[in-house]
Amino acid sequence: MMIFANTALFIGFFVISMSIKRHFKQLFPQRKMASLKWLLIFRTIGYTSLLLSASLYITGLGIGLGLVSFFGLLTLVTFMQSLCFSYKPQWLVPIGFASILYLIIYSCLNI
Amino acid sequence: MSAAAEGNFRHSMKWLHTWSGLLVGTVLYFMFITGTAGYFNDEISRWMQPELPMVNGSISQKKLLNVAEKRLNEVASESSQWWVDFPIGRQLSLRINWSEKTKNSGGEEGEKWHEEVLNYNTGKPSIARETGGGDTLYYMHYALYYIPNVLAYWITSLCAMFMFIGLITGIVIHRQIFKDFFTFRPGKKQHSWRDMHNVLSVLPLPFHIMITYSGLLFLMFTTMQGVISASYGTGQQNKDRFYDDIYSQGVAHKGAAGITAKNITLSSVLLAVEQRKGENKLSYIGIENRGDINAHIELAAYDYDGLKASEIQIYNGVNGELQHTNKGDESSSAAMNFYNIMTVLHEGDFANYFLRWLYFISGLMGAGMIASGMILWANKRRERANKKGIVSKGLVLVERVNIGTIVGLPIAIAIYFWVNRLLPASFAGRADWEMNGLFISWALMLAYPFCVAHKYTITKIWRDQLIIAAALYGFLPVLNLLTTNTHLGNTLANGYWALAGFDLTMIVFSLCFSFAAYRLHYQQDVTKPATSSLQAIKVSRVKQVNRIIEAAEQ
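None of the values given here were measured: they were computed from a predicted structure. Residue numbers restart at each chain and count upward from 1, following the sequence in its written direction. Written order decides the labels, with chains lettered from A and ligands numbered from 1. Under the rules for a predicted model, residues below a pLDDT of 70 receive no local features and side-chain atom pairs below 80 are neither given nor counted, while totals for whole chains, interfaces and linings still include all residues. For side-chain calculations, the full set of non-hydrogen atoms in the structure is used, while hydrogens and water are omitted.

With respect to the interface of chain A and chain B
Contacts between chain A and chain B engage 23 residues on the former and 24 residues on the latter. By convention, the term buried area covers the 1.4 Å-probe accessible surface removed from two parts as they join, with the contributions of both added. Taking both partners together, chain A and chain B bury about 2,000 Å²; carbon and sulfur atoms supply 74% of that area. In what follows, salt bridge is the name for a side-chain nitrogen of Lys or Arg lying within 4 Å of a carboxyl oxygen of Asp or Glu. Inspection of the region where chain A meets chain B yields one salt bridge. As a salt-bridge pair, D180 of chain B and R22 of chain A come within 3.6 Å of each other at their nearest N and O atoms. Between N or O atoms, a polar contact is any pair within 3.5 Å; within protein, one atom must be a potential hydrogen donor and the other a potential acceptor, and residues adjacent in sequence are included only when both atoms are from side chains. Our count for the contact surface shared by chain A and chain B stands at four residue pairs in polar contact (both at pLDDT 80 or more). Within the residue set of the side of chain A that touches chain B, elements represented by two or more residues are α1 (2-18), α2 (21-27) and α4 (63-87) of chain A. Helix and strand labels come from DSSP, where a helix needs a run of H or I of at least four residues and a strand needs a run of E of at least two; each type is numbered from the N terminus. In terms of residues, the side of chain A that touches chain B owes the most to one element, α4 of chain A, which gives 17 residues. We call two residues contacting when some pair of their heavy atoms lies within 4.5 Å.

This is the structure in structure tokens:
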């Protein structure tokens, strides 16, 4: 379950970064800028994914340890993502979509 | 709020943010670096005592307790208290403690404590070199060094308060906190430093707020004495009453009755506990009032239930019955529970190795936040000064202190480890001299920029210190190989990760310093040798005066 929570955390920030114009351009330099509606959808999906991740941490580890682990890993994930945006933004798209695919397959197998 | 008022407010907050950070930046950086090292205090201490036996965690606690009880019977048969710490989790040695009754010259009775680390194969004590270890580094982050504790608590509390102000004002002045969340633009001079400061501040913000606020709470019994006096009155007796109230855990430990009785062995209690809880789970076991009818045996498992430490169990020392189970906070007030949670979060005792590394990384990011803030302040003013041709003494001072602090302190900590290996193991007062080595080398690193500023640029001085740091950290595992058996070849082969982890971390630090020095090698120097900067002040002031005179004449 923790791998699922970590993946949801990464996807959450990946999709939130897609909702920021500057990072959208970095991620998809060939594409036309997404409309405001799509940016809002990305943001909603991102925050939902983060909430899902936090709730999985709390369910798995309890409220205290769950929150500490969630925020600890959040720092690491966002830092790595920030370094990727600075030096290798092209890496983020395949990793992000592979994570989404993993999340879908994992959910289907466990429902 | 009108736009103008909001602008003024943000401007005031920016001023507060800048100066609250700059004024205490050096002390805060010291607190963050030493405190972060403290998350691995046991591992550092273990590395600094290479003579101790390497204990494999899978050894039976029954066997270890037999060894410990045998040794205690030899050296402390008359003692009223025995304690045994098992090697488990981050506890890396089999350790015994016992008390000895003493009388001072006035006839007053007291207790003297003894401690030994045992070699579990021979049952004999391991003689290890005296060292400050990781505990002294950890202790220094709030008690500093060379100065009285109370004064140190006031200084560190004040700095933590400035840090807290810096955090709050930082959030207020950062207009686009979410837009800039992932933004780091390398190679853009001033923008890059600002981005780095933002990234290192915003990403671990929950950690920064928690660690600063809980740090303030930790020392509130020193800084908030007035509140205690208001409720309990002044004087030591009233203070003691306050501490008794808040720290009483609902367990009334009976004192010795003075009636001799035969006690059960610690091993028999361990056996009973292992049957219920499983083998090799205990953190420690001990007996109080030994040989008395009121003897009791206390033990706790090495386990955490979330953030809470495992319950402490107390058994009757005569018949082995379970007398009490102490769950810690069951009788505490809500305020005390909050205090306990905050202090537990600060110390991270509950953290497994993965979480401990996350703490460590967040701590380093905190140090990086402070360092980048200090550099940002200096670079901003340097850019302005270069344009105007006027360099203030304050800027020159901050630039030089920044180098001596940001790279100088890590160099001093590396020297602390080097001194541990280079001083003879039997050297008298070696723990003190390890620490003296740290502070002497730090003083030298602080002095170095001032001494060479007349011929080198600031960038060159940064590079010099980074190269020194890289060399000291990089060669530390080599020094370890040359002076001890606990080198990487041995520790990696036997899976002693606590020791191997130390050497590997030193190599990573060395690579980071080397990379920084390499990058600086290609960076354009923005400063001229500093004395010419000071001369520039004089020349530009003369120019200014001339301009004013010319303007007045016209």
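Right, picking up where we left off after that structure.
Description of a nonpolar patch on the surface
Residues and elements named next belong to chain B. A surface patch of nonpolar side chains, amounting to about 480 Å² of accessible area, comprises L492, W497, L504, I507 and L511. For the nonpolar patch, the element with the most residues is helix α19 (residues 497-521), which contributes four residues. Structurally, L492 can be placed in helix α18 (residues 488-494). Only residues whose relative accessible area exceeds 30% and that form no salt bridge are eligible for patches; like-charged ones are grouped when within 9 Å, while nonpolar side chains (Val, Leu, Ile, Met, Phe, Trp, Tyr) are grouped when within 5 Å. Accessibility throughout is a Shrake-Rupley quantity obtained with a 1.4 Å probe, and a residue counts as covered only by protein chains that appear here.

Focus: the pattern of salt bridges
Residue and element names in this part refer to chain B. The tally for this structure, following the rule as stated, stands at 13 salt bridges over all chains. A salt bridge links K62 to E279; the nearest nitrogen and oxygen atoms lie 3.3 Å apart. Placement of K62 in helix α3 (residues 61-75) and of E279 in the loop between α11 (266-277) and β4 (282-288) is noted, with a sequence separation of 217 residues between them. Here's how the labels work: a residue is buried when its accessible area is under 20% of the maximum for its type, exposed when over 50%, partly exposed in between, all with a 1.4 Å probe on protein chains only. What makes K62 partly exposed here is its relative accessible area of 30%. A salt bridge links E115 to R95, with the shortest nitrogen-to-oxygen separation between them at 3.2 Å. Of this pair, E115 sits in strand β3 (residues 109-118) while R95 is found in strand β2 (residues 94-103), placing the two residues 20 residues apart along the sequence. By sharing partners, the salt bridges in this structure join D42, E43 and R90 into a single network.

Observations concerning the packing of aromatic side chains
Residue and element names in this part refer to chain B. Aromatic pairs are defined between Phe, Tyr and Trp rings, using the six-membered ring for Trp, whenever the two ring centres lie within 6.5 Å; interplanar angles under 30 degrees are classed as stacked, those over 60 as edge-to-face, and all others as tilted. One pass over the full model with this rule turns up 46 aromatic pairs over all chains. Pairing Y39 with Y359 gives two aromatic rings, centres 4.9 Å apart and planes at 45°, and the pair type is tilted. A residue pair is termed long-range when its members are at least 10 positions apart, and Y39 in the loop between α1 (3-37) and α2 (41-47) and Y359 in helix α13 (residues 353-388) qualify at 320 residues. With relative accessibility at 7%, the residue Y39 sits in the buried group.

The values reported here are purely geometric and, on their own, carry no functional implication.
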